[in-house]
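Reading the structure
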Amino acid sequence: MPRGYRPSLLGDEALNLTPEQEYARAEEELKRKVENGEISETQAKRLMTRRKMKMRQGKAIDGDAAEGKSKAMEAADFQSTQMMLDQLLAKDDSNWFLDWCLEVSGYNWMEDKVKRENMRRLAEDFKHPFPATELVINSNQCEVIMGVVM
């Protein structure tokens with residue numbers, strides 16, 4: 001690979017852009033592909049996550065992946081940054097038995113109810129039904145007393 005080569009979603013057009021401009025254009029291109037149904041939203045998120053990580057490292061912009069290996073990656077026996085990213089972003093590792101246990105025990109149902117309640121409480125127009133209780137529970141004194149009791 002030539003020294004100035006930068007792998008990009010934009011192809012040769014990316015050579016005339018700064019890394020920030022390239023990132024913005026690549027994001028627009030991915031949004032367009034998602035809207036047209038060319039790629040899924042999950043794939044687009046993964047691609048943009050990889051681009052962000054590469055921009056933060058500054059290595060993908062220069063194209064020299066060999067310099068980007070860190071001691072942590074070597075200790076973990078990763079051969080490349082790409083292998084590490086693929087492993088971190090892989091979400092297909094679901095455990096069917098654990099999923100079944102969580103569903104049968106009611107954990108998934110309870111977790112869904114808690115998320116909904118938290119969203120309801122985060123709404124701007126939410127008013128606590130018992131304001132005095134809310135003041136006591138959210139006070140630092142209550143936290144200290146509970147910590148001592150435990």
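The structure presented is a predicted model; accordingly, all values stated were derived computationally and were not measured. (Residues numbered from 1 in each chain as written. Predicted model: local features only at pLDDT ≥ 70, side-chain atom pairs only at ≥ 80, totals over all residues. Heavy atoms only, no water.)

Describing the nonpolar core
- Counting residues in each nonpolar core, the largest one holds 5 residues, listed as Tyr-23, Leu-30, Ile-39, Ala-44 and Met-48.
- If near-sequence neighbours (up to four positions away) are discounted, Ile-39 is found in contact with Leu-30, Lys-33, Val-34, Ala-44 and Leu-47. (Core = buried A, V, L, I, M, F, W, Y, C linked by side-chain atoms within 4.5 Å. Buried < 20%, exposed > 50% of the residue type's maximum accessible area, 1.4 Å probe, protein only. Contact = heavy atoms within 4.5 Å.)

Some thoughts on the packing of aromatic side chains
- Applying the stated criterion to the full structure yields 2 aromatic pairs.
- Taken together, a centroid distance of 6.0 Å and an interplanar angle of 85 degrees make the contact between Trp-96 and Phe-97 edge-to-face.
- Of the aromatic side chains, those joined through ring pairs into one cluster are Trp-96, Phe-97 and Trp-100. (Phe/Tyr/Trp six-rings, centres within 6.5 Å; stacked < 30°, edge-to-face > 60°.)

Structural notes on the pattern of salt bridges
- Under the definition given, this model contains 4 salt bridges.
- For Arg-120, the salt bridge is made with Glu-117, and the minimal N-O distance between the two is 2.7 Å. Placement of both Arg-120 and Glu-117 in helix α7 (residues 107-122) is noted, with a separation of 3 residues, approximately one turn of the helix.
- Here Arg-121 makes a salt bridge to Glu-117, at a shortest N to O gap of 2.8 Å. With Arg-121 and Glu-117 both in helix α7, this residue pair falls 4 residues apart, about one helical turn.
- In this structure Arg-121 comes out as partly exposed when scored by relative accessible area, which is 41%. (Salt bridge = Lys/Arg side-chain N within 4 Å of Asp/Glu carboxyl O. Helix = DSSP H or I, 4+ residues; strand = E, 2+ residues; numbered from the N terminus.)

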